[in-house]
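Structure assessment
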Amino acid sequence: MPSEGRVLVIDDQPANVKIIAKRLSVLGYEVLTATNGMDGIRLARESVPDVILLDIMMPEMDGYEVIKRLKQETETSGIPIALLTSLDGTEDKVRGLDAGADDFLTKPVNQIELVARIRSLTKLKRLQEEIRKAGDLTPPLPEDAGKGKTEDKKIIFIVEDDEMMLAQFKRILDNTGEYRTLIAKNASDALDVLHKTLPDIILLDIMLPDMDGIELLKKIRENHSTSDVPVIIISAIADIETKVKGIEAGADDYLIKPVDRFEMLARIRANLRKAEAQRRLKSNLEATARQAITDPLTGLYNRQYLKNALEREIARARRYKRPFSMLILDIDHFKDVNDTFGHLAGDGVLRETAGILKDGVRASDVAARYGGEEFVVVLTDTDIRGAVAAA
């Protein structure tokens with residue numbers, strides 16, 4: 001039976017390690033254990049687990065130092081880390097999240113919550129790995145690539161019907177000078193705001209007057225434009241069932257009322273950091289996908305894409321009895337251009353020709369560079385007369 005994932009547990013209390021390892025093993029996880037920071041770092045390097053459960057208070061090297069070292073190394077920097085902390089450990093949570101931890105679990109660890117968080121973090125790790133396989137083939141994107149500029153204030157969207165809570169959250173966020181806040185007091189208004197503006201993160205109360213917050217969360221995840229926006233659910237109910245329900249519906253994190261100011265800011269920073277890393281990975285994937293089908297000099301489709309497009313068009317023509325045509329072009333005396341004016345001038349001619357082809361074909365057509373100075377245009381739904389006219 002295939003493993004559900006590989007989990008590394010780092011805790012200096014053997015009893016804690018044994019309990020967690022047993023619970024996860026029964027559910028199909030491969031569990032590695034370490035009782036000190038140095039052994040944990042070594043195992044993380046050697047096995048590259050899907051998730052690390054890390055105790056904060058350990059002799060010789062505490063959890064903060066372990067996080068710091070793991071995040072500094074390329075092979076371990078992307079492993080999600082969940083901190084194991086005490087009941088009153090707000091300071092521990094804040095410091096750990098700022099250091100680079102992705103989540104925390106409060107001791108004694110509840111089995112249902114443990115499994116829910118492990119599944120969520122494992123899913124995140126595997127998604128990142130899939131994206132990274134493609135993204136690693138391209139140079140890193142600049143820090144300000146993509147949506148907005150790095151100096152822009154991040155947009156925090158607060159969905160909360162309690163006036164006092166809303167004012168408190170807004171005051172805390174506005175006082176940082178780092179964020180711009182949007183607010184909604186019910187689900188209907190929230191959906192209207194999301195239709196017009198894409199926030200960087202959403203703080204979502206689960207008790208709303210017109211719709212259950214979990215239902216609103218599901219709608220947010222079903223919408224393509226908002227599916228990747230981090231959502232932190234906020235609840236006055238501290239029971240495990242509510243937390244798990246939120247996680248399974250797609251929440252990235254949760255806060256329990258009354259909300260601690262430092263913890264809220266730390267969780268927002270941690271989730272924004274993860275979202276930015278995810279965005280850059282996806283951007284790299286898209287760039288890699290474009291490179292795989294594009295001729296780098298002309299920007300037209302390349303020969304491999306042309307081959308695949310022709311196979312699809314032939315199959316379509318046979319099935320639906322619809323015509324298509326193909327134009328094959330080359331540049332006369334192109335060698336003379338290179339010999340007389342140099343290869344840079346020849347490259348300019350190729351790019352100019354490609355530009356003419358791009359401007360002259362329909363969106364449904366395929367213009368490709370076949371090789372050298374040869375080009376091919378596939379004209380969909382075009383008979384011989386249409387092809388002559390296009391030529």
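Criteria and cut-off values
- Residues numbered from 1 in each chain as written.
- Predicted model: local features only at pLDDT ≥ 70, side-chain atom pairs only at ≥ 80, totals over all residues.
- Heavy atoms only, no water.
- Salt bridge = Lys/Arg side-chain N within 4 Å of Asp/Glu carboxyl O.
- Helix = DSSP H or I, 4+ residues; strand = E, 2+ residues; numbered from the N terminus.
- Buried < 20%, exposed > 50% of the residue type's maximum accessible area, 1.4 Å probe, protein only.
- Phe/Tyr/Trp six-rings, centres within 6.5 Å; stacked < 30°, edge-to-face > 60°.
- Lys NZ or Arg CZ within 6 Å of the ring centre and 35° of its normal.
- Core = buried A, V, L, I, M, F, W, Y, C linked by side-chain atoms within 4.5 Å.
- Contact = heavy atoms within 4.5 Å.
- pLDDT = per-residue confidence, 0-100.
- Expected span 1.5 Å × (residues − 1).
- Polar contact = N/O pair within 3.5 Å; in protein donor to acceptor, adjacent residues only side chain to side chain.
- Axes fitted to C-alpha atoms, helices over the stretch in contact; angles between N-to-C directions.
- Left-handed = near helix turned anticlockwise from the far one by under 90°.
- Nonpolar A, V, L, I, M, F, W, Y, C, P; charged D, E, K, R; others polar.
- Pairing = 2+ DSSP bridges.

**Quick notes on the pattern of salt bridges**
According to the stated counting rule, one finds 25 salt bridges in the structure shown. Of the charged contacts in the structure, one is a salt bridge between aspartate 39 and arginine 42, with a shortest N-O distance of 4.0 Å. Taken together, the residues aspartate 39 and arginine 42, both in helix H2 (residues 37-47) and three residues apart, mark about one turn of the helix. Aspartate 365 serves as the salt-bridge partner of arginine 362, at 2.8 Å between the closest nitrogen and oxygen. On the basis of relative accessible area, arginine 362 is assigned to the partly exposed category, the value being 41%. Each of Glu313, Arg316, Arg322 and Asp381 takes part in salt bridges that share partners, so that together they form one network.

**Concerning the side chain of asparagine 338**
By the secondary structure assignment, asparagine 338 is in helix H12 (residues 334-341). Since its relative accessible area comes to 14%, asparagine 338 is described here as buried.

**Digging into the packing of aromatic side chains**
Applying the stated criterion to the full structure yields one aromatic pair. Ring centres of tyrosine 301 and tyrosine 305 lie 3.9 Å apart, and the angle between their planes is 15 degrees; this geometry places the pair in the stacked category. The class of tyrosine 301 is partly exposed, set by a relative accessible area of 30%. Above the plane of the ring of phenylalanine 262 lies arginine 261, whose end atom (NZ or CZ) is 4.2 Å from the centre. Between the NZ or CZ atom of arginine 303 and the centre of the ring of tyrosine 370, over which it lies, the distance is 4.0 Å.

**Re the nonpolar core**
Grouped together as the largest cluster of nonpolar side chains are 25 residues, with contacts concentrated most on Phe157, Val159, Ile202, Leu204 and Leu216. If you list the elements that add at least two residues to this core, you get strand S6 (154-159), strand S7 (179-184), helix H7 (187-196), strand S8 (201-205), helix H8 (213-222), strand S9 (231-235) and helix H9 (240-249). Ranked by residues supplied to this core, first place goes to H8 with four residues. In this structure, leucine 216 is in contact with Val159, Ala187, Ala190, Leu191, Leu204, Leu208 and Met211, ignoring residues within four places of it in sequence.

**Observations regarding the confidence of the model for the protein chain**
Do not read the predicted coordinates in detail wherever pLDDT is low. Per-chain confidence: the protein chain averages 86 in pLDDT, with 92% of residues scoring 70 or above. The low-confidence segment residues 136-150 (pLDDT under 50) makes 23 contacts with residues lying over four places distant or belonging to another chain.

**Focus on helix H10 (residues 261-293)**
Here H10 spans 49 Å end to end across 33 residues, near enough to the 48 Å set by a 1.5 Å rise per residue. The residue sitting at the N-terminus of H10 and contributing the capping side-chain oxygen is aspartate 260; that oxygen lies 3.0 Å from the backbone nitrogen of phenylalanine 262.

**Some words on the packing of helix H6 (residues 163-176) against H10**
Packing of H6 against H10 leaves a shortest axis separation of 11 Å and a crossing angle of 65 degrees. Judged by the twist between their axes, the crossing of H6 over H10 is right-handed. Counted together, Phe169, Ile172, Leu173 and Thr176 of H6 and Arg261, Met264, Leu265 and Ile268 of H10 form the full contact between these two elements. Residues belonging to the contact of H6 with H10 are distributed by class as follows: six nonpolar, one polar and one charged.

**Some thoughts on the sheet that holds S8**
Read across the sheet, five strands follow the order S7-S6-S8-S9-S10 without closing on themselves; strand pairing throughout is parallel. Where the open sheet ends on each side, the last strands, each with one partner, are S7 and strand S10 (253-256). Direction aside, the axes of adjacent strands within the sheet are offset by 20 degrees on average. By the bridge criterion, four bridges tie S6 to S8 in an arrangement that is parallel.

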